[in-house]
Amino acid sequence: MFQYTCLNPIAAVGLDNLTEDYTKTEDFAQADAVLVRSAAMHDMELSDKLCAIARAGAGVNNIPLDKCAEKGIVVFNTPGANANGVKELLISGMLLAARDIVGGIDWVKANADDENISKSMEKAKKNFAGSELKGKKLGVIGLGAIGVLVANAANRLGMDVYGVDPFLSVKNALTLSRDITVCKSYDELYKTCDYITVHVPYMPETKGLLNKAASIR
Ligand SMILES: NC(=O)c1ccc[n+]([C@@H]2O[C@H](COP(=O)([O-])OP(=O)(O)OC[C@H]3O[C@@H](n4cnc5c(N)ncnc54)[C@H](O)[C@@H]3O)[C@@H](O)[C@H]2O)c1
């Protein structure tokens, strides 16, 4: 019999996978296993009983990996689990940036009582104009589970897509559309692209990756 604890709410659909060999405890010190989303574990005392930490998500920056390695605690993550959701948010973010859609919605709300709204709208709509994504250049930094989905989706929207990833895996390279240009340097991306999106893990090496110097074109 093993005991597990959840440091953040975990969906029942996931917990239901645990067999009758596992019981839940609220006492972190008694747990053989921990399930965690974003809770910060760096300052937590890790018991000798603890065998495994499962991170429901991709990033593991909230888990003290060095301390876990010293104590022989296995750390799992779930890379790619929410990659499609992030891709969809990224596409909606680009569409919102390309045209003042929010401004248009606000205008309709503010003018909802205008009996001649159809006429007024014809005059006002030019204030919310923008541009198409088709033909624009997108730079993707980090071609992992999310980056590859984003790059391929943007390519299908008719964008010219450029990517950079010094540690690009063979699996991800094979999944990437052949239309996508893989660059050797970040500067190549900054000089070329209209939009830049970053999908790398948060680590000391990636902190401040996109900085003031990157904005020079
Ligand atoms: N906020 C959210 O809801 C949310 C959701 C999912 C993921 N994320 C974050 O997005 C990150 C990416 O997720 P993923 O599933 O694509 O992870 P992943 O591990 O599949 O991909 C990360 C990619 O980044 C690359 N990389 C590492 N250092 C780099 C660098 N210096 N320059 C360029 N590329 C570099 C790696 O080679 C890898 O291909 C995760 O680490 C996570 O922190 C956030």
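For the structure, check the block above.
Rules behind the numbers
Residues numbered from 1 in each chain as written. Predicted model: local features only at pLDDT ≥ 70, side-chain atom pairs only at ≥ 80, totals over all residues. Heavy atoms only, no water. Near = heavy atom within 4 Å. Polar contact = N/O pair within 3.5 Å; in protein donor to acceptor, adjacent residues only side chain to side chain. Areas by Shrake-Rupley, 256 points an atom, 1.4 Å probe, with all protein chains shown as cover. Pairing = 2+ DSSP bridges. Helix = DSSP H or I, 4+ residues; strand = E, 2+ residues; numbered from the N terminus. Contact = heavy atoms within 4.5 Å. Axes fitted to C-alpha atoms, helices over the stretch in contact; angles between N-to-C directions. Buried < 20%, exposed > 50% of the residue type's maximum accessible area, 1.4 Å probe, protein only. Arc of directions from axis to C-beta. 1 Å grid on protein atoms, 1.4 Å probe; cavity = no way out; pocket = protein on both sides within 12 Å on 5 of 7 lines; lining within 4 Å. Points joined across faces, edges and corners; volume = space filled by probe spheres on them. Nonpolar A, V, L, I, M, F, W, Y, C, P; charged D, E, K, R; others polar.

J.: Which parts of the structure should I look at to understand the site of the ligand?
T.: Looking at the ligand, there are 20 residues lining it, with A145, I146, D165, Y186 and P201 nearest. Between the ligand and I146, the relevant distance is 2.9 Å, taken from an oxygen atom to a main-chain nitrogen or oxygen of the residue. D165 places a polar side-chain atom, nitrogen or oxygen, 2.6 Å from an oxygen atom of the ligand. Notes on the ligand: free accessible area 850 Å², of which the protein chains cover 72%.

J.: Please explain the sheet that holds strand β8 (residues 181-182) as it appears in this structure.
T.: Either a parallel or an antiparallel arrangement is found when strands of a sheet pair, and the pairing is made through backbone hydrogen bonds. The strand order across the open sheet built from four strands is β8-β7-β6-β9, with neighbouring strands paired in parallel fashion. The two strands at the open ends of the sheet, each matched to only one other strand, are β8 and β9 (195-198). Sheet topology note: the strand β7 (residues 160-164)/β8 ladder contains two bridges and is parallel. Each residue of the ladder has a partner; that of G163, found in β8, is V182. Strands in contact with helix α6 (residues 145-156) are β6 (137-141), β7 and β9; relative to β6, the strand with the most contacts, it is inclined by about 170 degrees.

J.: Quick question: what am I supposed to make of helix α4 (residues 101-110) here?
T.: Each α-helix winds once per 3.6 residues, and so residues spaced three or four apart point in a common direction. When α4 is considered as a whole, its buried residues turn out to be G103, G104 and W107. Buried residues of α4, seen end-on, are gathered within an arc of 100 degrees and therefore sit on one face of the element.

J.: Would you mind showing me how to read the pairing of strand β4 (residues 52-55) here?
T.: On a regular strand, each side chain points to the face opposite its neighbour's, so the side chains alternate between the two faces of the sheet. With four bridges connecting them, strand β3 (residues 33-36) and β4 associate as parallel partners. Bridge assignment links L35 to a residue of β4, and that residue is A54. Pairing between β4 and strand β5 (residues 74-76): three bridges, direction parallel. Directly across from I53, in β5, lies its bridge partner V75.

J.: Looking at this model, I keep getting lost on the layout of surface pockets. Mind explaining?
T.: One water molecule sets the probe size; rolling that probe over the atoms shows where empty space is left. Considering only enclosed or pocket space, the largest pocket measures out at about 1200 Å³ in volume. What lines the largest pocket is a set of 43 residues, and nearest its centre among them are A58, H199, V200, P201 and Y202. When contributions to the lining of the largest pocket are tallied by element, the ones reaching two or more residues are α3 (83-98), α6 and α7 (170-175). In terms of residue count, α6 provides more of the lining of the largest pocket than any other element does, five residues in total. A breakdown of the residues in the lining of the largest pocket according to their chemical character gives 24 nonpolar, 14 polar and five charged. In terms of lining residues, the second largest pocket is bounded by 14 residues, among which L18, A33, V34, L35 and A54 are the most central. Taken together, the elements giving at least two residues each to the lining of the second largest pocket come down to α1 (12-15), β3 and β4. Taken together, the residues of the lining of the second largest pocket break down into 12 nonpolar, two polar and no charged.

Geometric descriptors of this kind do not, in isolation, establish any biological role.
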